[in-house]
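Breakdown of the fold
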Amino acid sequence: MKPDTWPPPQIPPIPIEVNQAACEANLVIFVGAGVSRLMGCPSWDQFADAALGQLVEQGLITFGDVQQLSHLPAKLRLSISLQISESNTLDYTALIQPKHPSNSRVYEYLKSIGCVYVTTNYDRFLDSMFGKDEPDLICSRRQLKGLRLREPGTVIHLHGSIDKPESVIMATPQYLKHYNDEQVQDFLGELFNRHTVLFLGYGLEEWEVLEHILRKRKHYGSKQRKKFMLSGFYAHQKKTFSHLYEYYKDAFDIHLIHFSLDHMKYVQLEKIMENWAGNLEVGYPLLADDLEYVLRVADE
């Protein structure tokens, strides 16, 4: 959508490239923490505070220590929490699972699209197929293979899962090691070179995560497909949107799709997914892509 279209619509139209990618089975939806927050999951600040709270309960730190750390950014507080908890005594499930679950259907709408999903979330909401058993959990580096992106309905946890605590990537040193790994870079190269990507639930709070994912984009190649991000704005934020639109486009070649927060705040994202799920139809790969896929499987 053009940056001069204002005020932002409640339901933005589906970009032509996203619709075409779905028809050709080349659409990948990238799901961030903002989507899980609609289910009642904590923000990064709440997550970090809860982690420090667990350390207090375990007698590893005091409330005085928590007070001294309280001014630090959430990701840094989490990194320190993991460093203190060397024996992995943090209960990730208790930290992440909603204390007051919502009745949001956002994941139901997402799953009904039927494309491939990559998520940086640790929860299992996206994996759950309503009325069906959960699929195999894909959450470790050795499982990150480009061929996974050719399997409709696949869910890939890029930063691990609470069901396998050893896979969770949360501290800054873990992020750096993860994204310097050749297999991770090859996987992301395959993703951005061959698939149209739609980011959901990534705001300023998730900026550090996005930087890790996109900072090596030159390594991924020069023939990357278009990337989009749904992002909410209030009617008075026109200048903010214009600046962010240009920044995301120039820095990461991401095109912002803006929507209105004035009526339902971020719950509006669920309404958009309900609308888009009813209008996006995932088809079959192009014959040339399918042939290449078969040949690559044979090579492996």
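Before any of the text, the structure's been laid out above.
**A word on the nonpolar core**
Within the largest apolar cluster, 57 residues are counted, with the highest numbers of intra-cluster contacts made by Phe30, Tyr92, Tyr122, Leu158, Phe192 and Phe199. Ranked by the residues each element gives to this core, the list is headed by helix H3 (residues 44-57), at 7 residues. With residues near it in sequence (within four places) discarded, Phe30 still touches Val118, Thr120, Leu158, Leu191, Phe192, Val197, Leu198, Phe199, Leu200, Tyr202 and Ile213. By size, the runner-up hydrophobic cluster in this structure holds 31 residues, among which are Leu38, Met39, Leu230 and Met273.

**Examining the sheet that holds strand S2 (residues 116-119)**
In a beta sheet, neighbouring strands pair by backbone hydrogen bonds and run either parallel or antiparallel. With parallel pairing, 6 strands are arranged side by side in an open sheet as S3-S2-S1-S4-S5-S6. Every interior strand has two partners, whereas the edge strands, strand S3 (155-157) and strand S6 (254-260), have only one. Strand-to-strand twist in this sheet, taken as the mean axis angle between neighbours without regard to direction, amounts to 25 degrees. Bridge analysis of strand S1 (residues 27-31) against S2 gives 4 bridges, and the strand direction is parallel. Bridge pairing in S2 places Val28 opposite Val116. Sitting on the sheet, helix H1 (residues 16-23) touches S1, strand S4 (196-200) and strand S5 (227-233), and the angle it makes with S1 is about 115 degrees.

**What to know about the environment of Leu149**
Residue position: Leu149 is located in the loop between S2 and S3. Overall, the relative accessible area of 1% leaves Leu149 in the buried class. In sequence terms Leu149 and Asn26 are 123 residues apart; their C-alpha atoms lie 8.4 Å from each other. Not counting the four nearest positions on each side in its chain, Leu149 is found in contact with Val28, Val116, Ile156, Phe187, Glu190, Leu191 and His195.

**Comments concerning helix H12 (residues 238-252)**
Structurally, the α-helix is built with 3.6 residues per turn, so residues lying three or four positions apart point the same way. Here H12 is 15 residues long and its end C-alpha atoms lie 21 Å apart, about the 21 Å a rise of 1.5 Å per residue gives. Within the sequence span of H12, burial applies to Phe241, Tyr245, Tyr248 and Phe252. Down the axis of H12, the buried set is contained in an arc of 95 degrees. They therefore lie on one face. Opposite the buried face of H12, at more than 90 degrees from it, the exposed residues are Lys239, His243 and Asp250. Residue Asp253 follows H12 closely and has a positive phi angle near 60 degrees.

**Points about the packing of aromatic side chains**
Taken as a whole, this structure holds 15 aromatic pairs when the rule is applied. Ring centres of Phe30 and Tyr202 lie 6.3 Å apart, and the angle between their planes is 65 degrees; on these two criteria the pair is classed as edge-to-face. Placement of the pair is Phe30 in strand S1 and Tyr202 in the loop between S4 and helix H10 (207-214), with a sequence separation of 172 residues. A single burial state applies to Phe30 and to Tyr202, both of which are buried. Look at Trp207 and Phe252: their rings are 5.3 Å apart centre to centre, the planes differ by 65 degrees, and that puts the pair in the edge-to-face class. Pair noted here: Trp207 is in helix H10 and Phe252 is in helix H12, with a separation of 45 residues, a long-range link. By the burial criterion, Trp207 is buried, and Phe252 matches it. A connected cluster of aromatic rings, assembled from ring pairs, spans Trp6, Phe233, Phe241 and Tyr245. Over the ring of Trp44 we find Lys75; its NZ or CZ atom is 4.2 Å from the centre of that ring. Seen from the ring of Phe192, Lys227 lies directly overhead, with NZ or CZ sitting 5.4 Å from the centre.

**Notes on unusual backbone geometry**
At the junction of Trp6 and Pro7, the peptide bond is cis and its omega measures out at 0 degrees in the coordinates. Residue placement: Pro7 occurs in the segment before H1. Here the phi dihedral of Asp253 falls at roughly 60 degrees; this positive angle occurs in a residue that is not glycine. On the secondary structure map, Asp253 appears in the loop between H12 and S6. Assessed through its relative accessible area of 27%, Asp253 is described here as partly exposed. Of note, the phi angle at Lys265 is positive, near 55 degrees, even though the residue is not glycine. The class for Lys265 is exposed, based on a relative accessible area of 54%.

**Thoughts on the environment of Tyr247**
Among the structural elements, Tyr247 can be located in helix H12. With a relative accessible area of 41%, Tyr247 lands in the partly exposed category. The residues contacting Tyr247, other than those within four sequence positions of it, are Trp207 and Phe252.

**Some thoughts on the side chain of Asp123**
Secondary-structure assignment places Asp123 in the loop between S2 and S3. No salt bridge forms around the buried Asp123; measuring N to O, its nearest opposite-charge neighbour Arg124 is 7.6 Å away. Within polar-contact distance, the side chain of Asp123 engages the backbone nitrogen of Phe125 at 3.2 Å. Sequence-distant contacts of Asp123, that is, excluding residues within four places in its chain, are made with Ser36, Cys41, Ile96, Gln97, Tyr107, His157 and Ile162.

Reading guide: rules and limits
Residues numbered from 1 in each chain as written. Predicted model: local features only at pLDDT ≥ 70, side-chain atom pairs only at ≥ 80, totals over all residues. Heavy atoms only, no water. Core = buried A, V, L, I, M, F, W, Y, C linked by side-chain atoms within 4.5 Å. Buried < 20%, exposed > 50% of the residue type's maximum accessible area, 1.4 Å probe, protein only. Helix = DSSP H or I, 4+ residues; strand = E, 2+ residues; numbered from the N terminus. Contact = heavy atoms within 4.5 Å. Pairing = 2+ DSSP bridges. Axes fitted to C-alpha atoms, helices over the stretch in contact; angles between N-to-C directions. Expected span 1.5 Å × (residues − 1). Arc of directions from axis to C-beta. Phe/Tyr/Trp six-rings, centres within 6.5 Å; stacked < 30°, edge-to-face > 60°. Lys NZ or Arg CZ within 6 Å of the ring centre and 35° of its normal. Lys, Arg positive; Asp, Glu negative; His and termini not counted. Salt bridge = Lys/Arg side-chain N within 4 Å of Asp/Glu carboxyl O. Polar contact = N/O pair within 3.5 Å; in protein donor to acceptor, adjacent residues only side chain to side chain.

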